[in-house]
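# Architecture at a glance
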Number of protein chains: 2
Amino acid sequence: MLLSKSCIYGLRASILLAKDESNGFITIRDLSDELNISFHFLTKVLQKLTRSEILESFKGPNGGVKLAKPAEQVTFKEIVISIDGRFYKVDCPLGLPACGELAPCPLHDQWEELNNRIQNMIGSVTLAELSDRQKRGKPNLQFSAQTGS
Amino acid sequence: MLLSKSCIYGLRASILLAKDESNGFITIRDLSDELNISFHFLTKVLQKLTRSEILESFKGPNGGVKLAKPAEQVTFKEIVISIDGRFYKVDCPLGLPACGELAPCPLHDQWEELNNRIQNMIGSVTLAELSDRQKRGKPNLQFSAQTGS
DNA sequence: GTATATTAAGACAAAATACTCTTAAATCAT
DNA sequence: ATGATTTAAGAGTATTTTGTCTTAATATAC
Ligand code: SF4
Ligand code: SF4
């Protein structure tokens, strides 16, 4: 499991928001219905994104959430950090102190490159790019109940 | 978090076992002391490795555990699978069905390559290679209490 | 055989994560 | 103002993961 479920839900919801071009508010109920996940749970996840000012929310009728800035300016990584709270990093599981710098084991460089790759991957791709795939996609494409991992 | 703690403990213990060249049994108590983790918890983890025939165990005085085969023949991956129970895989978090093959999003190839890299990484390195780093290392190198991730 | 050392097994507890529900606050429509 | 809609907040529950403890089984040494 690379990302928590909360994080995955937040990403999926964000992509739905990016897909909407009206820039109006969309209710969390609509999002949770389309994603097949709990409304209340998603609400909590999106609250984090709102507090991080990735989303903007509005209460009352015609309220909901929307992206606080253009989808081109929101990275995958921002969302992960906002929800999972920490900088995403894959540490070496062997955890030896004073390791690596002096006498790296056969995996040391690979762990490092793995991290760089992940950082680069999620840091450079934006919601705009991710949702574009959706917008162009077949209309019957839907989010599944399964979460991936 | 890429690997569970159980898995990390199992890996660390296995490396200690590989470091020992006498090929005699080592008590789990010794391992847990050196790794600074709970004896009982490590026992349960190592039982999985024993059932998978990666380790061999022996009860009673002079008993303990040892590698069931040469360290050169035990891969990182075998241990992960034995303990975490599943094939290690980093799925795309967006989880769209009928995705990818037809119209991959900007990350699709990268997720795939990430997986290949991880599979290759943990599938090709053996305990012998990992412990070699330890054997040659400074004698005061010790496992830390922290787990990495 | 009796005591001792050691893993095996499983019940139990604690913590982290995932999820649900209730109530409050804000906003809008009438 | 009143009532409906919708997010915010937080209490509460469930599940999974992590960790502890107790007892049983197996082997050795005397
Ligand atoms: S050398 Fe690097 S990868 Fe290898 S055990 Fe040390 S920190 Fe981990
Ligand atoms: S195309 Fe993108 S969203 Fe679809 S499975 Fe591949 S990485 Fe995931």
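Everything numeric in this text was worked out from a predicted model, so none of it was measured.

## Concerning the overall build of chain A
Secondary structure summary: chain A contains 6 helices and 2 strands in total. Ordered by position from the N terminus, the helices and strands of chain A form the series α-α-α-β-β-α-α-α. When each of the 149 residues of chain A is scored for burial, the buried share is 50%.

## Quick notes on unusual backbone geometry
All names here are of chain A. Despite not being glycine, glutamate 53 has its phi angle at roughly 60°, a positive value. Position of glutamate 53 relative to the elements: it lies in the loop between α3 (39–51) and β1 (55–58). By relative accessible area, which is 61% here, glutamate 53 ends up exposed. Phi at asparagine 62 takes a positive value of approximately 65°, unusual for a residue other than glycine. Among the structural elements, asparagine 62 can be located in the loop between β1 and β2 (64–67).

## Considering the packing of aromatic side chains
Residue and element names in this part refer to chain A. Tallied over the entire structure, the rule returns 6 aromatic pairs over all chains. Aromatic side chains tyrosine 9 and phenylalanine 41 sit 5.8 Å apart centroid to centroid with 85° between the ring planes, which places their arrangement in the edge-to-face category. With tyrosine 9 in helix α1 (residues 5–19) and phenylalanine 41 in helix α3, the pair connects residues that are 32 residues apart, well separated along the chain. For tyrosine 9, a relative accessible area of 11% puts it in the buried group. Under the relative-accessibility criterion, phenylalanine 41 is labelled partly exposed at 35%. Of note, lysine 66 hangs over the ring of phenylalanine 25, and the distance from its end group to the ring centre comes to 4.7 Å.

## Here we look at the protein's contact with DNA strand C
As a matter of local geometry, DNA strand C sits amid 27 residues, with Ser38, His40 and Pro61 of chain A together with Ile28 and Ser57 of chain B nearest to it. Among atoms of DNA strand C positioned within 4 Å of the protein, sugar and phosphate together represent 63%. Side-chain polar atom of lysine 44 of chain A to a base nitrogen of DNA strand C: 3.1 Å apart, as the coordinates give it. Note that a base oxygen of DNA strand C is positioned 3.4 Å from one of the backbone N or O atoms of glycine 60 of chain B. The set of elements that each furnish at least two residues to the surface near DNA strand C consists of α1 and α3 of chain A together with α3 (39–51) and β1 (55–58) of chain B. Here the surface near DNA strand C gets 5 residues from one element, more than from any other, and that element is α3 of chain B. Counted by class, the surface near DNA strand C contains 9 nonpolar, 12 polar and 6 charged residues.

## Brief notes about the environment of tyrosine 88 of chain A
Residues and elements named next belong to chain A. Checked against the element boundaries, tyrosine 88 lands in the loop between α4 (76–84) and α5 (108–124). A relative accessible area of 3% means that tyrosine 88 is categorised as buried. With 27 residues separating them in the primary sequence, tyrosine 88 and asparagine 115 have C-alpha atoms 8.6 Å apart.

## Side note on the confidence of the model for chain A
The predicted model of chain A averages 83 in pLDDT, with 81% of residues at 70 or higher. In the model, residues 137–149 of chain A has pLDDT below 50 throughout and makes 34 contacts with residues more than four positions away in sequence or in other chains.

What counts, and where the lines are drawn
- Residues numbered from 1 in each chain as written.
- Chains lettered and ligands numbered in written order.
- Predicted model: local features only at pLDDT ≥ 70, side-chain atom pairs only at ≥ 80, totals over all residues.
- Heavy atoms only, no water.
- Helix = DSSP H or I, 4+ residues; strand = E, 2+ residues; numbered from the N terminus.
- Buried < 20%, exposed > 50% of the residue type's maximum accessible area, 1.4 Å probe, protein only.
- Phe/Tyr/Trp six-rings, centres within 6.5 Å; stacked < 30°, edge-to-face > 60°.
- Lys NZ or Arg CZ within 6 Å of the ring centre and 35° of its normal.
- Near = heavy atom within 4 Å.
- Polar contact = N/O pair within 3.5 Å; in protein donor to acceptor, adjacent residues only side chain to side chain.
- Nonpolar A, V, L, I, M, F, W, Y, C, P; charged D, E, K, R; others polar.
- pLDDT = per-residue confidence, 0-100.
- Contact = heavy atoms within 4.5 Å.

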